[in-house]
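Breakdown of the fold
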Amino acid sequence: MAAPLVVRRELFSLVNILGGISQLGPRGLGACSNHRKCSQTRFELLQRPNTFFHTAAYLSSTPFTITVTDEPDTLFQKVVVLVKAHDRAVLDSYEFFATMAAKELGITMGKVFEPPKDIERLTLLKSVHIYKKHRVQYEMRTHYRSIELLHVTGCTAQVYLEYIQRNLPEGVAMEVTKTAMEKIPDHILEPMWKDHPIDDKSSK
Amino acid sequence: MAASLSFTGSARLLTALARSSALYNSFESRSFHATAVCCKNRAARIRIGKGDKPLTYEQALHPHQIAHRKGWLSQHASNLKGEQGAAERTVEDVFIRRFMFGTFHGCLANEVVIKRRGNVLVVCALMLQKMPPQKFYFFIGYSESLLSHFYKCPVKLEIQTLQEKAVYKYV
C-alpha cells in the first residue's frame, strides 16, 4: 500500500535497513532526507504520516531448559517481595502487574501493602564561600511496596520470581525474603523420656 | 625551574585560548575566564528573557519540579535506600552524556535519557534530522559497540528523530 506522494517540506525516502545492522530487531522503515522524493511504503508498526526513523531495543532471552529431578521440592511458607523505587506511580503499576501474574498462575497472595516511605535529607551551604545562614536542602525519597505469597513450592517461586525480575522497570530495586519450611529431624520427634524412663526415685 | 614551568604553562594557556576563540581579532583582549561552582538556586534554571529564546520542556521546568512535573534523566537503583554504587553510576552517566554529545554533534534535540535494566544500559535520545539515515545507523552501531566494550555490559541505543526541536515555550 503506497501512501500518496507528499509534496511538502517533509520529504520521504525508502531505506532498506534490515541487511545492515545485526543486533537490533525490526524497526520502522522510512527516514527523512532532503531533496529526494519517493513514495512511502507503510510498515506494519508505523502508522504516522511524518516518518522519522526510530530504533528500539529488543531484549532477547535464551530458551529455558526443563530439568526433572527426584529430590523433594523446597516448600516456602512465605515469600515476601519488597520493591523500592523513587516514583510511586511506577510501583503502582508494578504491583498491578505482579498481582495479576500471581493470580493468573494461581499463587495465593498474602498482604499487599505499602510500607511508609523513607526520605533522606541533606542540608548544604548554598554558597561557595561564607553565608552560613543560607542553606539549601536536597532529599531522596524511597517508596516501598510489599507483596506476600503464601505456601508456594520452590519451582513455582523460582518461575514467578524470575518472571517478575525480568520485567522489573529501570530504577526499581527488589528484595526477596523467603521463609522455608523444613521437616522436623527424627531424633526430636518423640520425647526422650518415653524410651529411657527415669528411675532415680530412690536417690535419697 | 619554576619560571620555565610558568612560561610553558602560560604558553599552553595562550594556545588554548587561541584555539578556542573563533575570531582572531578577539586576541587583543585576553582574559582568563573562570566559573564558580554553580550556586544551588541558579543550577539548571534558564532565566526569563525577552521572549525570543525557545526552550524545551526539560529546560523550561526547574529542578524542584522533578518528580512533580518532570521525570528523571538517569534511572538507576543505586540512589535508593540501602543500595550501593551511586558514584560509579554517576561517573558512567557523565561520560555517556559527553560521548553522545560529541558523537552526534549538533544533532541532539533534547537531553540524553539513560536507563539501567538489570545488566543492560539503554541510552535514549532525540535527534534532529541533520544527517542521512545511513550515517545515523553507522554512528548508532559504533557507539553501541564502543560503549559495550568499555562498560562490559550490553548497551542499547534508542534513537528517535525529529524535524526540529520541540519547543515548549519562548523565554
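Residues numbered from 1 in each chain as written. Chains lettered and ligands numbered in written order. Predicted model: local features only at pLDDT ≥ 70, side-chain atom pairs only at ≥ 80, totals over all residues. Heavy atoms only, no water.

Chain B carries the name Mitochondrial ribosomal protein S24 in an unreviewed UniProt entry, which gives Poecilia mexicana as its organism. Taken directly from UniProt, the Subcellular location (unreviewed entry) text for chain B runs: "Mitochondrion". (UniProt positions renumbered as here; feature names shortened; annotations may be inferred.)

An unreviewed UniProt entry lists chain A under the name Small ribosomal subunit protein uS10m, with Poecilia latipinna as the source organism. UniProt annotates chain A under Subcellular location (unreviewed entry) with the comment "Mitochondrion". Per UniProt, chain A has the following entry under Sequence similarities (unreviewed entry): "Belongs to the universal ribosomal protein uS10 family."

Residue and element names in this part refer to chain B. Over its 18 residues, helix α3 (residues 86-103) extends 26 Å from the first C-alpha to the last, a length consistent with the 26 Å expected when each residue adds 1.5 Å. Looking only at α3, the buried set comprises Glu92, Asp93, Ile96, Phe99, Met100 and Thr103. Projected down its long axis, α3 shows its buried positions confined to an angular sector of 135°, all on one face. Of the exposed residues in α3, those oriented more than 90 degrees away from the buried face are Ala87, Val91, Arg98 and Phe101. Packing partners of the buried residues in α3 comprise β2 (74-75), β3 (113-117), β4 (120-128), α4 (133-151) and β5 (155-162). (Helix = DSSP H or I, 4+ residues; strand = E, 2+ residues; numbered from the N terminus. Expected span 1.5 Å × (residues − 1). Buried < 20%, exposed > 50% of the residue type's maximum accessible area, 1.4 Å probe, protein only. Arc of directions from axis to C-beta. Contact = heavy atoms within 4.5 Å.)

With a phi close to 50°, Ile130(A) is a non-glycine residue in the positive phi region. Relative to the helices and strands, Ile130(A) resides in the loop between β5 (118-125) and β6 (135-153).

With that settled, the discussion passes to the packing of helix α1 (residues 88-105) of chain A against helix α2 (residues 154-166) of chain A. All names here are of chain A. Between α1 and α2, whose axes approach to 11 Å, the crossing angle comes to 150°. It follows that α1 is roughly antiparallel to α2 by the angle criterion. The element α1 and its partner α2 pack so that their crossing is right-handed. Every residue of α2 that contacts α1 at Tyr94, Phe97, Ala98, Ala101, Ala102 and Leu105 is listed here: Tyr160, Tyr163, Ile164 and Gln165. (Axes fitted to C-alpha atoms, helices over the stretch in contact; angles between N-to-C directions. Parallel < 35°, antiparallel > 145°, perpendicular 65-115°, else oblique. Left-handed = near helix turned anticlockwise from the far one by under 90°.)

The subject of this paragraph is the packing of α3(B) against α4(B). Residue and element names in this part refer to chain B. Taken N-terminus to C-terminus, the directions of α3 and α4 make an angle of 155°; their axes are 12 Å apart at the nearest point. The angle between α3 and α4 places the two elements in the roughly antiparallel class. Remark: the crossing between α3 and α4 carries right-handed chirality. Between α3 and α4, the contacting residues are Glu92, Phe95, Ile96, Phe99 and Thr103 on the first element and Phe139, Tyr142, Ser143, Leu146, Leu147, Phe150 and Tyr151 on the second. Among the residues making up the contact of α3 with α4, the classes are represented as nine nonpolar, two polar and one charged. (Nonpolar A, V, L, I, M, F, W, Y, C, P; charged D, E, K, R; others polar.)

With that settled, the discussion passes to the sheet that holds β2(B). Residue and element names in this part refer to chain B. Spatially, four strands are ordered β2-β3-β4-β5 in an open sheet, and the strand pairing comes out mixed. In the strand order of this sheet, the two ends are held by β2 and β5, each with one partner. Sitting on the sheet, α3 touches β2, β3, β4 and β5, and the angle it makes with β3 is about 135°. Across the sheet, α4 is in contact with β4 and β5; its angle to β5 comes to roughly 155°. (Pairing = 2+ DSSP bridges.)

To continue, consider the packing of aromatic side chains. Applying the stated criterion across every chain, the model contains 12 aromatic pairs over all chains. Ring centres of Tyr94(A) and Phe97(A) lie 5.8 Å apart, and the angle between their planes is 45°; on these two criteria the pair is classed as tilted. Here Tyr94(A) pairs with Phe97(A), and both are found in helix α1, just three residues apart, close to one helical turn. Pairing Tyr57(B) with Tyr168(B) gives two aromatic rings, centres 4.8 Å apart and planes at 85°, and the pair type is edge-to-face. In this pair, Tyr57(B) is assigned in helix α2 (residues 57-60) and Tyr168(B) in the loop between β5 and β6 (169-170), connecting sequence segments 111 residues apart. (Phe/Tyr/Trp six-rings, centres within 6.5 Å; stacked < 30°, edge-to-face > 60°.)

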